[in-house]
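# Observations on chain architecture
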Amino acid sequence: TVMNTQVVMERMNCVLPGVHVDMPIVTDDDIEVLKFAVRHQFDYVAASFIQSARDLAVIRHHLDEAGGHDVKIIAKIANKAGLRNIDEIIAHADGILVARGNLGMEIPSEKVALAQKMILTKCNLTGTLVITARQMLESMINNPLPTRAEMT
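Cut-offs applied
- Residues numbered from 1 in each chain as written.
- Predicted model: local features only at pLDDT ≥ 70, side-chain atom pairs only at ≥ 80, totals over all residues.
- Heavy atoms only, no water.
- Salt bridge = Lys/Arg side-chain N within 4 Å of Asp/Glu carboxyl O.
- Helix = DSSP H or I, 4+ residues; strand = E, 2+ residues; numbered from the N terminus.
- Buried < 20%, exposed > 50% of the residue type's maximum accessible area, 1.4 Å probe, protein only.
- Pairing = 2+ DSSP bridges.
- Right-handed = clockwise from strand over helix to strand, strands pointing away.

A separate point is the pattern of salt bridges. The full count for this structure, using the stated rule, is 4 salt bridges. Across the salt bridge formed by K35 and E32, the nearest N and O atoms sit 3.6 Å from each other. Of the two residues, K35 and E32 are both situated in helix 1 (residues 28-39); the distance of 3 residues between them amounts to about one turn of the helix. Judged by relative accessible area, E32 falls into the partly exposed class, the value being 44%. With a closest N to O distance of 2.8 Å, D87 and K122 form a salt bridge. Highlighted residues: D87 in helix 4 (residues 86-92) and K122 in helix 6 (residues 112-126), separated in sequence by 35 residues. For D87, a relative accessible area of 48% gives the class partly exposed. Salt bridges sharing common partners tie together R60, D64 and D94.

Written as structure tokens, this is what we have:
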């Protein structure tokens, strides 16, 4: 039950921290996007909200089925389940993307930097490609370096 006057619109997200949402990892639209990636010889695809190695296996199956055996998968870590299963995800992904903004809605803000550091360390130890997503700050438009506050 929604208890405010806001309107939920199409293609909007709803964050439910700590709640397992039982939805398929890949939709019919996603399958078409994966086929497009294979047809156009993409090197990588990024998969959002990966929670386990099983999610990666589903994506890999659809890529392989379309002939995309060489397309690599970057797993976006954006929730508690992804953090909890990070070791198995790292073992099965070709790269990891740390989604700081999404994680900040799932875990306390003060723990985001710690989670990021843990993921980066694990990836560095295993030689796994790792990307840290950062929101573009207004100050970064004109300044070549971030402020001290923006560096975490």
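Read on for the rest.
The next subject is the pairing of strand 2 (residues 72-77). Extensive coverage of strand 2 is indicated by the burial of 5 of its 6 residues. Note that strand 1 (residues 44-47) and strand 2 share 4 bridges and pair parallel. Residue pairing for strand 2: Y44 is matched across the bridge by K72. Handedness of the strand 1-helix 2 (residues 53-65)-strand 2 crossover: right-handed. Here 4 bridges tie strand 2 to strand 3 (residues 95-99), and the two strands are oriented parallel to one another. Residue pairing across strands places I74 opposite G95, the latter belonging to strand 3.

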